[in-house]
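A closer look at the structure
For reference, the chains in residue letters:
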Amino acid sequence: MTELDTGAPVVPDTAPPDRKARADKGFLSRAGIVAAVLVLAIVVALVQSGSGLVVWQSVVTGILTGGLYGLIAMGLTLIFGVLDIVNFAHGAFLTVAMFLSFGMIQATGLHPYLTLVVAVPVLFLLGAAVHRGLLSGAGGRSLENQLLITLGLSLLLENGLLMFFGAEPKTIDLPGDFQFPLLGAVVAGSRLYAFLGAIVLGGLLFWLLRRTRLGTAIRAVAANAPGASLVGINVRRMHTLTFAIGTACAGAAAVLAGPLVTVTPTLGEQFNITAFVVVVLGGMGNVVGALVGGLLIGLVEQLTTIYLGGQSSLLGVFVVFVLVLFLRPQGLFGRRA
């Protein structure tokens, strides 16, 4: 079982002072290296483009987009950290929430963000049902079993959406959307709202895990499931609740991202790929690392468009992914097993 990590560095209180100092020093050094690399990347982008305005626009857009990536990845890494399940259906759940939001808007005329009050509970219940019905025995099993189950579920959801909604792309308009200047960059209100919503919801998830009895129980199950069971914690229930919370994070991110994208049944695949890169970058099972990793990947994605022009922005993301796998497989903020 991979231990859930809600922050870094994490060292037991009884650890020797020198061990704590080494952990603090290692965390700060990694953070400094990441910051230095980002500064270097921005300087190179300035030289490449010759326009500070273009680079600043990319930086602002990357940070705002990265907040959404972080929220999506937090749900994914939470599921892995507690259940030890690699959930390839996470992006499909996100697409389901987008179409649910779109359907409610078309049927009732609700404001897009008000659909959160329906989409999040529905995705929570869907996640709980999927875990109880399909995945309750998959945790800790071979990766092949998890891959087949979750990938099959993803295909089922995507084709179900294709059957009911068709292949025609859908758009979600945000009433009263606006644009405003930010130190020379132009920011859409919908993108700013999505970023702020993602940060708030990510903060609520962190508070839930660190400051509530439910969060303590979830972390106990992640650290030692047999021991948690011995002290009276219902491990199966905690697993189901964790999977449901992680799926609800995807639902919330879907509603926030709806006005920013063109909604199609296969849209979740792209978000799924990015979320896995973010999770690996931040450290598998590290919730805070997922949020920070989302911001970093958002920046990398936007800066890549400056380096490579019209080529795919995902190329830079994959380069970062491969480098992290080679240089630090446990992630920038993860801990060695």
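Residues numbered from 1 in each chain as written. Predicted model: local features only at pLDDT ≥ 70, side-chain atom pairs only at ≥ 80, totals over all residues. Heavy atoms only, no water.

Put simply, the test is: UniProt positions are given in the numbering used here, feature names are shortened, and annotations may be inferred rather than shown by experiment.
The name recorded for the protein in an unreviewed UniProt entry is Branched-chain amino acid ABC transporter permease, from Amycolatopsis iheyensis. The UniProt entry for the protein carries the following text under Sequence similarities (unreviewed entry): "Belongs to the binding-protein-dependent transport system permease family. LivHM subfamily."

Details of the overall build of the protein
The condition that has to hold: Secondary structure elements are defined from DSSP: runs of H or I of at least 4 residues count as helices, runs of E of at least 2 residues count as strands, and each element is numbered from the N terminus. Burial classes follow relative accessibility: with a 1.4 Å probe on protein chains only, a residue under 20% of its type's maximum area counts as buried, one over 50% as exposed, and anything between as partly exposed. We call two residues in contact when some of their heavy atoms are within 4.5 Å. Accessible areas in this description were obtained via Shrake-Rupley with a 1.4 Å probe; residue shielding takes into account the shown protein chains only.
The helix and strand tally for the protein stands at twelve helices and four strands. For the protein, the residues scored as buried account for 49% of the 337 residues in total. Here the analysis covers contacts within the protein between residues at least 6 apart in sequence; of these, 77% occur between residues at least 24 apart. When the accessible surface of the protein is split by element, carbon and sulfur atoms take 68% of a total near 15700 Å².

Thoughts on the pairing of strand 3 (residues 185–188)
Selection rule: When DSSP locates at least two bridges between a pair of strands, those strands are taken to pair.
Only one face of strand 3 is buried, namely the one carrying Ala185 and Val187, since none of Val186 and Ala188 on the opposite face is buried. Here four bridges tie strand 2 (residues 179–182) to strand 3, and the two strands are oriented antiparallel to one another. Its bridge partner lying in strand 3, Pro181 is registered against Val186. Hairpin connection between strand 2 and strand 3: a loop of two residues separates the two successive antiparallel strands, and Leu183 in this loop has a positive phi of roughly 55°.

With respect to helix 4 (residues 116–135)
Going by this rule: Directions pointing from the helix axis toward each C-beta atom define the arc.
For helix 4, every residue scored as buried is listed here: Ala119, Leu123, Gly127, Ala128, Val130, His131 and Leu135. On an axial view of helix 4, the arc spanned by its buried residues comes to 165°, and they lie on one face. For helix 4, the exposed residues lying more than 90 degrees away from the buried face are Val117, Leu125 and Gly133. For helix 4, the elements touching its buried residues are helix 2 (52–83), helix 3 (90–108), helix 5 (143–165) and helix 9 (235–257).

Details of the packing of helix 6 (residues 189–211) against helix 11 (residues 287–308)
What counts, and what does not: In this description, a line fitted to the C-alpha atoms serves as the axis of each element, helices being fitted only across the stretch in contact, and the angle between N-to-C directions of two axes falls anywhere from 0 to 180 degrees. In these notes the angle categories are as follows: under 35 degrees is roughly parallel, over 145 is roughly antiparallel, 65 to 115 is roughly perpendicular, and the rest is oblique. In this scheme the handedness of a crossing depends on how the near helix is turned from the far one: anticlockwise by less than a right angle means left-handed, clockwise means right-handed. All amino acids are sorted into three groups, where Ala, Val, Leu, Ile, Met, Phe, Trp, Tyr, Cys and Pro are nonpolar, Asp, Glu, Lys and Arg are charged, and the leftover types, Gly among them, are polar.
Interhelical geometry of helix 6 versus helix 11 gives an angle of 165° and a closest axis separation of 10 Å. Between helix 6 and helix 11, the crossing angle belongs to the class labelled roughly antiparallel. Between helix 6 and helix 11 lies a crossing whose hand is left-handed. For the pair helix 6 and helix 11, the contacting residues are Phe195, Ile199, Leu205, Phe206 and Leu209 in the first and Val287, Val288, Leu291 and Leu295 in the second. When its residues are assigned to classes, the contact of helix 6 with helix 11 shows nine nonpolar, no polar and no charged.

As for a nonpolar patch on the surface
For the record, the criterion: Patches draw on residues past 30% relative accessible area with no salt bridge. Two like charges within 9 Å are joined, as are two nonpolar side chains (Val, Leu, Ile, Met, Phe, Trp, Tyr) within 5 Å. Salt-bridge detection follows one rule: a side-chain nitrogen of Lys or Arg within 4 Å of a carboxyl oxygen of Asp or Glu.
Residues Leu315, Val319, Val322, Leu323, Phe326 and Leu327 make up a contiguous nonpolar surface patch of about 630 Å² in total accessible area. With respect to the helices and strands, the residue Leu315 is situated in helix 12 (residues 314–327).

What about the environment of Val319?
Tracing the sequence through the fold places Val319 in helix 12. The sequence separation of Val319 and Val300 amounts to 19 residues, and the corresponding C-alpha distance is 9.8 Å.

Brief notes about the packing of aromatic side chains
Here a ring pair, both rings aromatic, is described through the centre-centre distance and the interplanar angle of the planes. For the record, the criterion: Ring geometry is summarised as follows: Phe, Tyr and Trp rings, the Trp one being its six-membered ring, pair when their centres sit within 6.5 Å, and such pairs are stacked at plane angles under 30 degrees, edge-to-face over 60 and tilted between the two.
Within the structure shown, the criterion is met by seven aromatic pairs. Their ring planes at 75° and their centres at 6.0 Å tell us that Phe178 and Tyr193 sit as a pair that is edge-to-face. Here Tyr193 lies in helix 6 and Phe178 lies in the loop between strand 1 (170–171) and strand 2, a separation of 15 residues in the sequence. Residue Phe178 is classed as partly exposed on the basis of its relative accessible area, which comes to 34%. Judged by relative accessible area, Tyr193 falls into the partly exposed class, the value being 37%.

Considerations on unusual backbone geometry
Of note in this structure, Asp84 is not a glycine but carries a positive phi near 60°. Within the secondary structure, Asp84 is located in the loop between helix 2 and helix 3. When its relative accessible area of 18% is taken as the criterion, Asp84 is described as buried.

Overview of the nonpolar core
Selection criterion: To qualify as a nonpolar core, a set must consist of buried Ala, Val, Leu, Ile, Met, Phe, Trp, Tyr and Cys residues joined through side-chain atoms within 4.5 Å.
Ranked by internal contacts, the top residues of the largest apolar core, which has 87 residues, are Leu4, Val82, Phe93, Leu94, Met98, Leu205 and Val221. At 14 residues, the largest contribution of residues to this core is made by helix 2. Phe93 has contacts with Asn87, Leu123, Leu126, Val130, Leu153, Leu157, Phe243 and Thr247, leaving out every residue within four places of it along the chain. Core analysis: the second largest hydrophobic core is formed by five residues, Val60, Leu64, Ala185 and Val187 among them.

A closer look at the packing of helix 2 against helix 11
The geometry of helix 2 relative to helix 11 is characterised by a closest axis approach of 6 Å and an angle of 145° between their N-to-C directions. Crossing angle aside, the handedness with which helix 2 passes helix 11 is right-handed. When grouped by side-chain class, the residues that make up the contact of helix 2 with helix 11 number 14 nonpolar, eleven polar and one charged.

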